[in-house]
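Residue-level structural notes
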Amino acid sequence: MTRLYSAVFAVCCSTDSCACPMLRNCVQFNGKYGCDWCKQEGTVIKRGDGISRVYQPSLSHEPLELRDQTGFVQAALQASSENPISGVKGVSPLLFVPMFDIATGFVPDYLHCVLLGVVRMFANLIGTAKSTQWQTTTHPSVRSS
Ligand SMILES: [Zn+2]
């Protein structure tokens, strides 16, 4: 008789953008060092009627340094909510999940990052553009009913 052994590991986590920093015990995406993947402070820029923090390497004076599990754990052990280190505010229960890499294990939030980010920006650009900037037309394969 052959014995089979199985093991299940969490290798990835998909969450809402607002839930992610709570699970990781980190600064939210719009705060200093709020990027999930790098240690950039971020730059506040004017955007529309308000402001926004962006993590764009060309706007930063710091070299781009990606997060890793070892650095995340070191920061978590020394940080507190009042004194976050590189955006990490303390230890997260997810650090104790076997085989889960808290630094690289989270995926971008599709709703907020893609649909309400890039897709909304393009929709607004197309919808508010002057006819000299963009041209929209109906594809011949689309028939009106
Ligand atoms: Zn980043």
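Residues numbered from 1 in each chain as written. Predicted model: local features only at pLDDT ≥ 70, side-chain atom pairs only at ≥ 80, totals over all residues.

Attention now goes to the overall build of the protein chain. A count of helices and strands for the protein chain gives 3 helices and 2 strands. The secondary structure elements of the protein chain, listed N-terminal to C-terminal, are α-β-β-α-α. Radius of gyration (C-alpha) of the protein chain: 21 Å, far over the 15 Å computed for a compact globule of 145 residues. For the C-alpha atoms alone, the extent of the protein chain along its principal axes is close to 60 × 55 × 25 Å. Taken over 145 residues, the protein chain has a buried fraction of 15%. Partitioning the contacts of the protein chain with sequence separation of at least 6, the portion at a separation of at least 24 is 48%. (Helix = DSSP H or I, 4+ residues; strand = E, 2+ residues; numbered from the N terminus. Rg over C-alpha atoms; globule rule 2.2 N^0.38 Å. Buried ≥ 20, exposed ≤ 12 C-beta atoms within 10 Å, placed from the backbone. Contact = placed C-beta atoms within 7 Å.)

Here helix α2 (residues 69–78) has its buried residues at F72, A75 and A76. Taken around the axis of α2, the buried residues stretch over an arc of 100°, which confines them to a single face. In α2, the exposed positions that point more than 90 degrees away from the buried face belong to T70, L77 and Q78. (Arc of directions from axis to C-beta.)

What follows deals with helix α3 (residues 110–128). Of all the bends in α3, the greatest measures close to 35° and is centred on R120. Of all 19 residues that make up α3, 0 are buried, and the element is exposed over most of its length. (Bend = angle between axes of the 7 residues up to and from the residue.)

Attention now moves to the environment of H112. Mapping H112 onto the fold places it in helix α3. Residue H112 is classed as partly exposed on the basis of its C-beta count, with 15 C-beta atoms lying within 10 Å. In this structure, the C-alpha to C-alpha distance between H112 and P93, residues 19 residues apart in sequence, is 25 Å. Beyond its immediate stretch of four places on either side in the chain, H112 contacts S17 and G117.

Within a regular beta strand, the side chains point alternately toward one face of the sheet and then the other, so they alternate between its two faces. Sparse coverage of strand β2 (residues 50–54) is indicated by the burial of 0 of its 5 residues. The turn joining strand β1 (residues 43–47) and β2, which pair antiparallel and follow one another in sequence, is formed by 2 residues; a positive phi near 65° is taken by G48. (Pairing = 2+ DSSP bridges.)

What follows is about the pairing of β1. Across the 5 residues that make up β1, only a small minority, 0, are buried. The pairing of β1 with β2 spans 5 bridges and is classified as antiparallel. Its bridge partner being in β2, V44 is matched across the sheet by R53.

In this section: the environment of L111. Relative to the assigned elements, L111 resides in helix α3. Between the alpha carbons of L111 and P93 there is a distance of 25 Å; along the sequence they are 18 residues apart.

Not every positive phi belongs to a glycine, and S86 is a case in point at roughly 50°. Inspection of the secondary structure assignment puts S86 in the loop between α2 and α3. On the basis of neighbour counts, which here come to 20 C-beta atoms within 10 Å, the residue S86 falls in the buried class.

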